[in-house]
Each structure stands twice: as structure tokens, then as C-alpha cells.
Amino acid sequence: RCLAFDLVLHSWWTNRSDNPWLVADLKRHYQFLRIFQRWVGHDPQALGNAYHEHVKILRAIRSGDRNRARRLLRQHIRESARLVKQALRLRKPSSP
């Protein structure tokens, strides 16, 4: 359920961005994002952190604090990128 919620939430945020470039770019990377989200879904700590990041972002949006919402979203994206890099290092095939 967490992964389904995550996908719906990201889709909603993307479509509400009014940024056609972002929508097109994320659609192009959708399969990679799904693979990564499934990996994070197996890490309880990463899943919990992502959940709390999402809640903070949603609260900022609900309160109308756009600057805080943007800042929190940037932090969430940076943290997600860090986790992607970490996952890729861990999954990197060993050299002969």
C-alpha cells in the first residue's frame, strides 16, 4: 500500500506542477522510478523517512506555504537521489 500511495502522490505532485517538461521527463523515467521505489519499499528505515518527508510536504502545501513546500520537496529529491546512488553502488557487479 505504501508503494501505491507513493506512486499516486508523486503523480499528483508532478501533474500539479504545471511544468510540462517535468511531466514529460518523469514519464520517460517512470520505469526506473518504479524499480527504485520497490527497492526503498524493502528498507523500513528509508520507507519511514520517505513517508515523513511526504507528510511534511503535504502539510506545507495544505498550509499554503509554497516556499516551505518547495524547500522540503528539494530536500526529498536530494535524499532520494542519495539513496539511488547508494543502491547503485551496492548493486554494482564486481570486476573480474
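Residues numbered from 1 in each chain as written. Predicted model: local features only at pLDDT ≥ 70, side-chain atom pairs only at ≥ 80, totals over all residues. Heavy atoms only, no water.

Brief notes about the overall build of the protein
On a plain count of helices and strands, the protein comes out with five helices and zero strands. Secondary structure elements in the protein, listed N-terminal to C-terminal, are α-α-α-α-α. Taken over the C-alpha atoms alone, the protein extends approximately 55 × 30 × 25 Å along its principal axes. Classification of the 96 residues of the protein by burial places 23% in the buried group. Of the roughly 7800 Å² of accessible surface on the protein, 57% is carried by carbon and sulfur atoms. Considering the protein, the positive charge centre built from 20 side chains and the negative charge centre built from 7 side chains are found 1 Å apart. (Helix = DSSP H or I, 4+ residues; strand = E, 2+ residues; numbered from the N terminus. Buried < 20%, exposed > 50% of the residue type's maximum accessible area, 1.4 Å probe, protein only. Areas by Shrake-Rupley, 256 points an atom, 1.4 Å probe, with all protein chains shown as cover. Lys, Arg positive; Asp, Glu negative; His and termini not counted. Charge placed at Lys NZ, Arg CZ, Asp CG, Glu CD.)

Considering helix α3 (residues 30–41)
For α3, built from 12 residues, the straight-helix expectation of 16 Å at 1.5 Å per residue is met to within 8% by its first-to-last C-alpha distance of 16 Å. Inspection of α3 places Phe36, Gln37 and Val40 among the buried residues, and these make up the whole buried set. Here the buried residues of α3 occupy an arc of 105° about the axis, which is enough to place them on one side. Facing away from the buried side of α3 by more than 90 degrees, the exposed set consists of Gln31 and Ile35. (Expected span 1.5 Å × (residues − 1). Arc of directions from axis to C-beta.)

Section: the nonpolar core
Formed by Leu9, Trp13, Ile57, Ala60, Ala69 and Leu72, the largest nonpolar core amounts to six residues. Sorting the residues of this core by element identifies α1 (2–16), α4 (44–63) and α5 (66–91) as the ones contributing at least two each. When near neighbours in sequence (up to four residues on either side) are disregarded, Ala60 contacts Asp65, Arg68, Ala69 and Leu72. In terms of nonpolar packing, the next biggest core, distinct from the first, is built from five residues, Val40, Ala46, Leu83 and Val84 among them. (Core = buried A, V, L, I, M, F, W, Y, C linked by side-chain atoms within 4.5 Å. Contact = heavy atoms within 4.5 Å.)

Quick word on the pattern of salt bridges
Counted according to the given criterion, the structure contains two salt bridges. Here Glu79 ties to Arg82 by a salt bridge, and the two come within 2.6 Å at their closest N and O atoms. Residue Glu79 and its partner Arg82 are located together in helix α5, separated by three residues, close to a single helical turn. (Salt bridge = Lys/Arg side-chain N within 4 Å of Asp/Glu carboxyl O.)

Concerning the environment of Ala4
Here Ala4 shows up in helix α1. As for Ala4 and Gln37, which are separated by 33 residues in sequence, their C-alpha atoms are 9.8 Å apart.

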